[in-house]
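# Commentary on secondary and tertiary structure
Single-letter residue listing:
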Amino acid sequence: MAKAFSLRFNDSWATEQFAQYGQVFFPLYCDDIKSQPFMDMEDQYADFYTVTAYFEYHPEVGMCQDSAKELQMQTKPAS
């Protein structure tokens, strides 16, 4: 499932899937699949895969003209 997601996310599939959220989320790309061993509650090894997906986010902010005089925003870059 992780491989299928990463292949589709790096294709036009992701853009089509997130089109329903309007013009707020824009899928960029995802990293390669990382395989990590995982011990479950019964001390059994299970397959565990992670994929990091990156998006571009464009929020829209509206202000009422009568009540709002100033808008202050702070952004924090991803680390």
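Residues numbered from 1 in each chain as written. Predicted model: local features only at pLDDT ≥ 70, side-chain atom pairs only at ≥ 80, totals over all residues. Heavy atoms only, no water.

When its secondary structure is counted, the chain shows two helices and six strands. For the chain, the succession of helices and strands along the chain, N to C, is α-α-β-β-β-β-β-β. By residue count, 8% of the 79 residues in the chain fall in the buried class. Long-range contacts, defined here as pairs at least 24 residues apart, represent 42% of the contacts in the chain between residues at least 6 apart. In the structure as shown, the chain presents an accessible area of about 7400 Å², 52% of it carried by carbon and sulfur atoms. (Helix = DSSP H or I, 4+ residues; strand = E, 2+ residues; numbered from the N terminus. Buried < 20%, exposed > 50% of the residue type's maximum accessible area, 1.4 Å probe, protein only. Contact = heavy atoms within 4.5 Å. Areas by Shrake-Rupley, 256 points an atom, 1.4 Å probe, with all protein chains shown as cover.)

A separate point is a nonpolar patch on the surface. A surface patch of nonpolar side chains, about 300 Å² in accessible area, is lined by Phe25, Phe55 and Tyr57. Within the secondary structure, tyrosine 57 sits in strand 6 (residues 53-57). On the basis of relative accessibility, which here comes to 51%, the residue tyrosine 57 falls in the exposed class. (Patch = residues over 30% accessible without salt bridge, like charges linked within 9 Å, V, L, I, M, F, W, Y side chains within 5 Å. Salt bridge = Lys/Arg side-chain N within 4 Å of Asp/Glu carboxyl O.)

This next bit is on the packing of aromatic side chains. For the structure on display, the rule yields four aromatic pairs. Measuring from centroid to centroid gives 6.3 Å for phenylalanine 5 and tryptophan 13, while their planes differ by 85°, and the two rings are edge-to-face. Grouping aromatic residues by their ring pairs yields a cluster made of Phe5, Phe9, Trp13 and Phe55. (Phe/Tyr/Trp six-rings, centres within 6.5 Å; stacked < 30°, edge-to-face > 60°.)

With that settled, the discussion passes to the side chain of serine 6. Structurally, serine 6 is set in helix 1 (residues 2-9). Among the residues examined, serine 6 registers a relative accessible area of 12% and is labelled buried. Setting aside its immediate chain neighbours within four residues, serine 6 contacts Cys30, Ile33 and Val51.

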